[in-house]
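# Fold and geometry: a report
Chain by chain, the residues:
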Amino acid sequence: MVKSHRIHQIQKTRVISLGRTGSRIPEQSVLANPSLMTPHLPPSPKPWNTTRILTASTSNKHVPVYVSLDSYRRIRLVNWIRKEKPSPEHANALKGDEAFLSADEYLKPTLEDDPLLEVPSEDSSDEEEIEVWPQSPLDLAAAKRQIKRLKQQLQRTKQDMIEYRAFVSERLNFTSVAESLKEPVPSSSIHVAAPLRDDDSHYFQSYGENDIHAVMIQDKVRTATYAQFIMTTPELFRDAVVLDVGCGTGILSLFAARAGAKRVFAVDASDIAEKAMQIVKANDLENVITVIRGKIEEVTLPDDVTHVDVIVSEWMGYGLLYESMLDSVLHARDRFLNPDGGVLAPSQCKMMFGLCEAAEIFKERVGFWSDVYGFDLAAMAADVYNEAIVDVVDSMASEPVVVKDLYLKTIAPKQLDFSSSFTLVSTTERKTNIHAFVLYFDTFFTASGEPIPEDSQVHFVKEGDPILAEVWQVGGKPHISRRMSSGGPLKKPKPKTTSFSTGPLSVPTHWKQTLFLLRDPIIVHEGTIVQGTFICKKSDDNSRELDVEIHYTVKYEGEEPSEAIVQVFKVR
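The rules behind each value
- Residues numbered from 1 in each chain as written.
- Predicted model: local features only at pLDDT ≥ 70, side-chain atom pairs only at ≥ 80, totals over all residues.
- Heavy atoms only, no water.
- Helix = DSSP H or I, 4+ residues; strand = E, 2+ residues; numbered from the N terminus.
- Contact = heavy atoms within 4.5 Å.
- Areas by Shrake-Rupley, 256 points an atom, 1.4 Å probe, with all protein chains shown as cover.
- Buried < 20%, exposed > 50% of the residue type's maximum accessible area, 1.4 Å probe, protein only.
- Pairing = 2+ DSSP bridges.
- pLDDT = per-residue confidence, 0-100.
- Core = buried A, V, L, I, M, F, W, Y, C linked by side-chain atoms within 4.5 Å.
- Right-handed = clockwise from strand over helix to strand, strands pointing away.
- Axes fitted to C-alpha atoms, helices over the stretch in contact; angles between N-to-C directions.
- Salt bridge = Lys/Arg side-chain N within 4 Å of Asp/Glu carboxyl O.
- Expected span 1.5 Å × (residues − 1).
- Parallel < 35°, antiparallel > 145°, perpendicular 65-115°, else oblique.
- Left-handed = near helix turned anticlockwise from the far one by under 90°.
- Nonpolar A, V, L, I, M, F, W, Y, C, P; charged D, E, K, R; others polar.
- Phe/Tyr/Trp six-rings, centres within 6.5 Å; stacked < 30°, edge-to-face > 60°.
- Arc of directions from axis to C-beta.
- Polar contact = N/O pair within 3.5 Å; in protein donor to acceptor, adjacent residues only side chain to side chain.

## Quick notes on the overall build of the chain
When its secondary structure is counted, the chain shows 15 helices and 21 strands. For the chain, long-range pairs separated by at least 24 residues make up 74% of all intrachain contacts whose partners lie at least 6 apart in sequence. Counting every atom, the chain has about 30,900 Å² of accessible surface; 52% of that belongs to carbon and sulfur.

Structure follows, in structure tokens:
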């Protein structure tokens, strides 16, 4: 590529290689007449600063017309063509002594940042730009030199075409078309996903980074509960075929392999799949775990496998449904899960909703701005009421209620947009300002995949909980279940259930809690009733985000309910 400098802040004049001649000519030629883009042009004897203005067509042959111009006159020519838009006949008649070639008004670019206005630096030699086909080589050494020169010309031509296509794409706004024409990047994955929708691009890219996986694995509540269920349920995982949807680092697949699974297919559409392959190899589990890079909606399982016994996935997002990964798990269920006894892990989730004082959150996010070094900056807090806040609270001002119970074996994707009524009763012993509603979720695993019993209680993990010790025994030995006491008559045991909560009563998880700040705090006493409707649906703007509406009234003892209040939030 030629070196260049700028003249009067004028952009570059592009130089391109055309045809088999190897000649490199100013691109304003193409501007004047696109017919120059022909693969059969004669070699040019002219110096670089000779401008090919037009190619006239005579007897089906292209006859180039040359006019010798210096750098400033070439600039004037390009700007004149841009501004006046001459016909090919008019341009063909140019002789190089026209008045506009000396007029200063054409030194000003007609098109801002015109990429055709580049001039070579003074140290650029003609030899760099004019490359005429050499005569037939006389010996092998000469032939090799000619081949080397031709390869260099070809590389330059390819680079010029890349730049030219980028220029056309930018000027004509064909960026999306150019993206679709890009060649796919080679991958060591078994399957590569199709071009991603806009909603998916950032989502999958974000899961290609290490930090997010470190946060998730270091979440003791999350990871240890999965490990406990997988490694203490041999009746489910031994000799099973397992599908791990959104495998990330492959940690759940590793647990399944250690629990005795016969085959594990670990699927992920992000770059982390490449790391997962390395992890599987480092742990000598390549004979059990197969990592597949791709979207679960598009991949096929190798070795003609059509059904799996277990689907494991950590698909939950903020407030449970943020990121909409559950849609993919349900797709995998419908395509791959054995209809005769197949199990999803987790098998059930409940969205829990309640009142929260959230005084500290309010102070940090809203109250802080009211007095900053004596100034009122409250305008900075205006948008905080439009978006959900993901943060940790340590208590609630009511008992939680279930606004959505998701039994994964039967729920349909369309049911993930929903409306649910709620009734919350304040449990505060004193007059309290309620600044927020709080949303979190409880997660349940069952070996049978059946719904949990009605009276099942979620397990709240506390500091010092022995859950890790039950899984990580010395030497990696499998968990040994304790025998039942034989001191009395045997009772039919309850189905085994493993669970965890992301609520305020549990050790905080990386999901934290999802808070909806109220524009007008609710003043409650013990027994105050807050009643209303919780509406949740995928956002129209981005299907991985959520739109939430909360309609509510407040009723004090002995009084009529207040007028309904409505607030709308974005979860993103």
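Having seen the structure, we can now continue with the description.
## So, the pairing of strand β20 (residues 546-555)
In terms of residue burial, β20 counts as a mostly covered element, since seven of its 10 residues are buried. Bridge analysis of strand β19 (residues 529-538) against β20 gives 10 bridges, and the strand direction is antiparallel. Opposite isoleucine 529, over in β20, you have lysine 555 as the bridge partner. Pairing geometry for β20 and strand β21 (residues 565-571), over seven bridges, is antiparallel. Looking at the pairing, valine 548 lines up with phenylalanine 569 of β21.

## With respect to the confidence of the model for the chain
Residues at a pLDDT of 70 or more form 70% of the chain, whose mean pLDDT is 78. Note on residues 119-132: pLDDT is under 50 here. Beyond four places in sequence and across chains, it has 39 contacts. Contacts of residues 170-189 to residues separated by more than four positions or lying in other chains number 18 contacts, the stretch itself having pLDDT below 50.

## As for the nonpolar core
Within the largest apolar cluster, 94 residues are counted, with the highest numbers of intra-cluster contacts made by Leu243, Phe437, Phe516 and Phe534. Aside from chain neighbours lying at most four places away, what touches leucine 243 is Phe265, Val267, Ile296, Leu301, Val308, Val310, Ile311, Val312, Ala332 and Phe336.

## Here's the deal with the environment of glutamate 557
Summarising the element assignment, glutamate 557 is placed in the loop between β20 and β21. Judged by its relative accessible area of 80%, glutamate 557 falls in the exposed class. Sequence separation between glutamate 557 and threonine 528 is 29 residues; the distance between their C-alpha atoms is 6.7 Å.

## Things to note about the pairing of strand β7 (residues 241-245)
In terms of burial, β7 is a largely internal element, five of the five residues being buried. Here β7 shows a buried face lined by Val241, Leu243 and Val245 and a second buried face lined by Val242 and Asp244. Both β7 and strand β8 (residues 263-268) contribute to a ladder of five bridges, which runs parallel. Of the residues in β8, the one forming a bridge with leucine 243 is phenylalanine 265. Crossover connection from β7 via helix α11 (residues 251-258) to parallel β8: handedness right-handed. Two elements, β7 and strand β10 (residues 310-312), share three bridges in a ladder whose sense is parallel.

## Comments concerning the sheet that holds β20
Sheet architecture is open: four strands sit in the order β15-β19-β20-β21, paired in antiparallel fashion. With partners counted over all chains shown, the strands left at the sheet margins are β15 (418-425) and β21, one partner each. Between one strand axis and the next, the sheet turns through 20 degrees on average, direction left out of account. Where β15 meets β19, eight bridges bridge the pair, whose relative direction is antiparallel.

## Some points on the pattern of salt bridges
The full count for this structure, using the stated rule, is 14 salt bridges. Note that glutamate 387 and arginine 572 form a salt bridge whose closest N and O atoms lie 2.6 Å from each other. You can see glutamate 387 sitting in the loop between α14 (359-365) and β13 (389-391) and its partner arginine 572 sitting in the segment after β21, a full 185 residues away along the chain. Overall, the relative accessible area of 30% leaves glutamate 387 in the partly exposed class.

## Section: helix α2 (residues 71-84)
The terminal C-alpha atoms of α2, which comprises 14 residues, lie 20 Å apart, in line with the 20 Å expected from a rise of 1.5 Å per residue. Of all the 14 residues making up α2, 10 are buried; the element is thus mostly covered by neighbouring parts of the structure. By the burial criterion, the buried members of α2 are Arg73, Arg74, Ile75, Arg76, Leu77, Val78, Asn79, Trp80, Ile81 and Arg82. Among the residues trailing α2, lysine 85 stands out with phi positive, at a value near 50 degrees.

## Considerations on the sheet that holds strand β9 (residues 289-293)
The sheet built from five strands is open, its strands ordered β9-β8-β7-β10-β11 with parallel pairing. With partners counted over all chains shown, the strands left at the sheet margins are β9 and β11 (343-345), one partner each. Within the sheet, the average angular offset between the axes of one strand and its neighbour, ignoring direction, is 20 degrees. Here β10 runs beside β11; their pairing, made up of three bridges, is parallel. Residue valine 312 lies in a different strand from β11, and its bridge partner there is alanine 345.

## Here's the deal with the packing of helix α9 (residues 220-231) against α11
Where α9 contacts α11, the two axes come as close as 9 Å, and the packing angle between them is 25 degrees. Relative to α11, the element α9 is oriented roughly parallel. Judged by the sense of rotation from one axis to the other, the crossing of α9 with α11 is right-handed. For the pair α9 and α11, contact is made by Thr223, Tyr226, Ala227, Ile230 and Met231 and by Leu252, Phe255, Ala256 and Arg258, respectively. Counted by class, the contact of α9 with α11 contains seven nonpolar, one polar and one charged residues.

## Some points on the packing of aromatic side chains
The full count for this structure, using the stated rule, is 18 aromatic pairs. Aromatic rings pair up to connect Phe353, Phe418, Phe422, Phe437, Phe516, Phe534, Tyr552 and Phe569 into one cluster.

## Quick word on helix α12 (residues 272-282)
For α12, the complete set of buried residues consists of Ile272, Ala273, Ala276 and Val280. Here the buried residues of α12 occupy an arc of 95 degrees about the axis, which is enough to place them on one side. Away from its buried face by more than 90 degrees, α12 exposes Gln278, Lys281 and Ala282. Looking at the residues trailing α12, positive phi occurs at aspartate 284, about 55 degrees.

## With respect to the side chain of lysine 538
Residue position: lysine 538 is located in strand β19. Reaching out from lysine 538, the side chain makes a polar contact with the side chain of aspartate 327 at a distance of 3.3 Å. Beyond its immediate chain neighbours, meaning those up to four positions away, lysine 538 contacts Ser324, Asp327, Pro413, Leu416, Asp417, Ser543, Glu545, Leu546 and Asp547.

## Re the environment of histidine 331
Within the secondary structure, histidine 331 is located in helix α13 (residues 325-336). Assessed through its relative accessible area of 29%, histidine 331 is described here as partly exposed. Residues histidine 331 and alanine 412, spaced 81 residues apart in sequence, show a C-alpha to C-alpha distance of 9.5 Å. With residues near it in sequence (within four places) discarded, histidine 331 still touches Ile296 and Glu297.

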